[in-house]
Amino acid sequence: AQSVSQHNHHVILSEAASLELGCNYSYGGTVNLFWYVQYPGQHLQLLLKYFSGDPLVKGIKGFEAEFIKSKFSFNLRKPSVQWSDTAEYFCAVRPSGTYKYIFGTGTRLKVLA
Amino acid sequence: NAGVTQTPKFQVLKTGQSMTLQCAQDMNHNSMYWYRQDPGMGLRLIYYSASEGTTDKGEVPNGYNVSRLNKREFSLRLESAAPSQTSVYFCASSDQGGYTDTQYFGPGTRLTVL
């Protein structure tokens with residue numbers, strides 16, 4: 001079955017620390033890849049997405065992600081986190097030819113001021 | 001432009017009661033989705049509707065039914081609520097294809113089944 005794995009369930013960082021959240025998916029075909037974020041008390045919203053082209057994509061608020069096809073990975077990074085980055089982060093994929101999005105279990109990030 | 005709206009925001013049911021969660025979008029999107037979010041389990045797809053007039057099961061459809069009333073509205077019905085259906089329910093819409101392929105989520109409905 002198709003699945004998305006997020007290895008870090010809870011991450012605690014101090015402000016200015018660097019962030020990397022792992023995401024791996026199990027699907028052999030073409031996929032569109034996404035990171036969504038849910039800030040406390042807010043809707044889920046898109047952080048960034050990858051469809052094709054440059055495997056390093058940049059999103060909002062200084063986030064970026066790198067698609068490594070050989071590793072089936074789409075890791076999220078930010079060089080220097082802020083307290084306002086405290087949120088839950090979800091990786092998702094949509095296999096080509098389907099309408100379904102498959103989400104990972106999420107990573108709760110807490111940034112200490 | 002309200003995006004995706006959901007009603008109600010909160011609901012408490014007793015086991016065996018029924019209810020319908022309403023969802024509407026004003027972005028002219030073709031596809032709509034219902035998810036549930038449980039701690040440690042992420043978002044799990046209950047049902048989706050690729051376009052008006054079609055609905056399909058997702059990962060966890062048991063105990064739920066859906067209706068795509070028109071292009072704007074997609075409702076989720078619990079016929080006989082069970083404690084295992086205590087969760088936060090999110091509706092989403094998307095306009096797949098091209099460069100868009102982004103899901104827009106509603107604010108969620110927090111449901112407790114006693």
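This report concerns the structure included in the present document.

Attention now moves to the pairing of strand E5 (residues 42-49) of chain B. Residue and element names in this part refer to chain B. Counted residue by residue, E5 has eight buried out of eight residues, so it is predominantly covered. Between the end of strand E4 (residues 31-38) and the start of E5, which pair antiparallel, lie three residues, with Gly 40 showing a positive phi angle near 75°. As judged from the two bridges shared by E5 and strand E6 (residues 56-57), these two strands associate in the antiparallel manner. From the neighbouring strand, Tyr 47 faces E6, where its bridge partner is Lys 57. What sits between the antiparallel neighbours E5 and E6 is a turn of six residues, in which Gly 53 has the positive phi angle 95°.

Turning our eyes to something else, we now look at the environment of Asn32(A). Relative to the assigned elements, Asn32(A) resides in strand E5 (residues 31-38). Its relative accessible area of 11% is what places Asn32(A) among the buried residues. C-alpha separation for the pair Asn32(A) and Phe67(A), spaced 35 residues apart in sequence, amounts to 10 Å. Contacts of Asn32(A), omitting those with residues within four sequence positions, involve Tyr50(A), Phe51(A), Ala92(A), Val93(A), Arg94(A) and Asp101(B). For Asn32(A), the side chain forms a polar contact with the side chain of Asp101(B), separated by 2.7 Å.

The next thing to look at is the pairing of strand E6 (residues 44-50) of chain A. Residues and elements named next belong to chain A. With respect to burial, E6 is a largely interior element, five of its seven residues being buried. Two strands pair when backbone bridges link them, and E5 and E6 are joined in this way by six bridges, in the antiparallel orientation. Paired with Tyr 36 across the bridge in E6 is Leu 46. Linking E5 to E6, which pair antiparallel, is a turn of five residues; within it Gly 41 sits at a positive phi near 75°.

Another aspect to go through is the environment of Phe103(A). Looking at where Phe103(A) falls in the secondary structure, it is placed in strand E11 (residues 102-103). When the C-alpha atoms of Phe103(A) and Lys49(A) are compared, they prove to be 13 Å apart, with 54 residues separating the residues in sequence. Contact partners of Phe103(A), with chain neighbours within four places excluded, come to Val4(A), Tyr36(A), Phe90(A), Cys91(A), Ala92(A), Tyr35(B), Leu43(B), Gln103(B) and Phe105(B).

On to the nonpolar core. Membership of the largest hydrophobic core comes to 29 residues, with the highest contact counts inside it found for Trp35(A), Leu48(A), Phe74(A), Leu76(A) and Tyr89(A). If you list the elements that add at least two residues to this core, you get strand E2 (10-14), strand E3 (19-21), E5, E6, strand E8 (64-68), strand E9 (73-78), strand E10 (87-95) and strand E12 (107-112) of chain A. For Phe74(A), the contacting residues outside a window of four places in its chain are Cys23(A), Leu33(A), Phe34(A), Trp35(A), Leu48(A), Lys49(A), Tyr50(A), Val57(A), Ala65(A), Glu66(A) and Phe67(A). Listed in part, the 19 residues of the second largest apolar core include Leu13(B), Leu76(B), Cys91(B) and Val113(B).

Time to look at the interface of chain B and chain A. The interface of chain B with chain A comprises 23 residues on the first partner and 19 residues on the second. Both faces combined, the contact of chain B with chain A buries some 1800 Å², and carbon together with sulfur accounts for 57% of it. Connecting chain B to chain A are one salt bridge. For the pair chain B and chain A, the number of links is nine residue pairs in polar contact (both at pLDDT 80 or more). Broken down by secondary-structure element, the contributors of at least two residues to the side of chain B that touches chain A are E4, E5, strand E9 (87-94) and strand E10 (103-105) of chain B.

What follows covers the sheet that holds strand E8 (residues 74-78) of chain B. Residue and element names in this part refer to chain B. Pairing in this open sheet of four strands is antiparallel, and the strands run E1-E3-E8-E7 from one edge to the other. The open sheet has two free edges, formed respectively by strand E1 (4-7) and strand E7 (64-68), since each of these has just one partner strand. In this sheet, adjacent strand axes meet at a mean angle of 15° when their direction is disregarded. One ladder, built from three bridges, connects strand E3 (residues 19-25) with E8; its direction is antiparallel. Each residue of the ladder has a partner; that of Thr 20, found in E8, is Arg 77.

Here the focus is the packing of aromatic side chains. Centre-to-centre distance and the angle between the planes together describe a pair of aromatic rings. In total, this model carries 16 aromatic pairs over all chains according to the counting rule given. With a centroid separation of 5.6 Å and an interplanar angle of 80°, the aromatic rings of Tyr36(A) and Phe105(B) are classed as edge-to-face. Placement of Tyr36(A) in strand E5 and of Phe105(B) in strand E10 is noted, with the two residues assigned to different chains. As far as burial versus exposure is concerned, Tyr36(A) and Phe105(B) are alike and both buried. Between Phe63(A) and Tyr89(A) the ring centres are 5.6 Å apart and the planes differ by 45°, which places this aromatic pair in the tilted class. On the criterion of sequence distance, the pair formed by Phe63(A) in the loop between strand E7 (56-58) and E8 and Tyr89(A) in strand E10 is long-range, its members being 26 residues apart. For the pair Phe63(A) and Tyr89(A), one class covers both residues: buried. Put simply, the rings of Phe34(A), Tyr36(A), Phe51(A), Tyr101(A), Phe103(A), Tyr33(B), Tyr35(B), Tyr48(B) and Phe105(B) touch in pairs and so form one group of aromatic residues.

What counts, and where the lines are drawn
- Residues numbered from 1 in each chain as written.
- Chains lettered and ligands numbered in written order.
- Predicted model: local features only at pLDDT ≥ 70, side-chain atom pairs only at ≥ 80, totals over all residues.
- Heavy atoms only, no water.
- Buried < 20%, exposed > 50% of the residue type's maximum accessible area, 1.4 Å probe, protein only.
- Helix = DSSP H or I, 4+ residues; strand = E, 2+ residues; numbered from the N terminus.
- Pairing = 2+ DSSP bridges.
- Contact = heavy atoms within 4.5 Å.
- Polar contact = N/O pair within 3.5 Å; in protein donor to acceptor, adjacent residues only side chain to side chain.
- Core = buried A, V, L, I, M, F, W, Y, C linked by side-chain atoms within 4.5 Å.
- Buried area = accessible area lost by both parts, 1.4 Å probe.
- Salt bridge = Lys/Arg side-chain N within 4 Å of Asp/Glu carboxyl O.
- Axes fitted to C-alpha atoms, helices over the stretch in contact; angles between N-to-C directions.
- Phe/Tyr/Trp six-rings, centres within 6.5 Å; stacked < 30°, edge-to-face > 60°.

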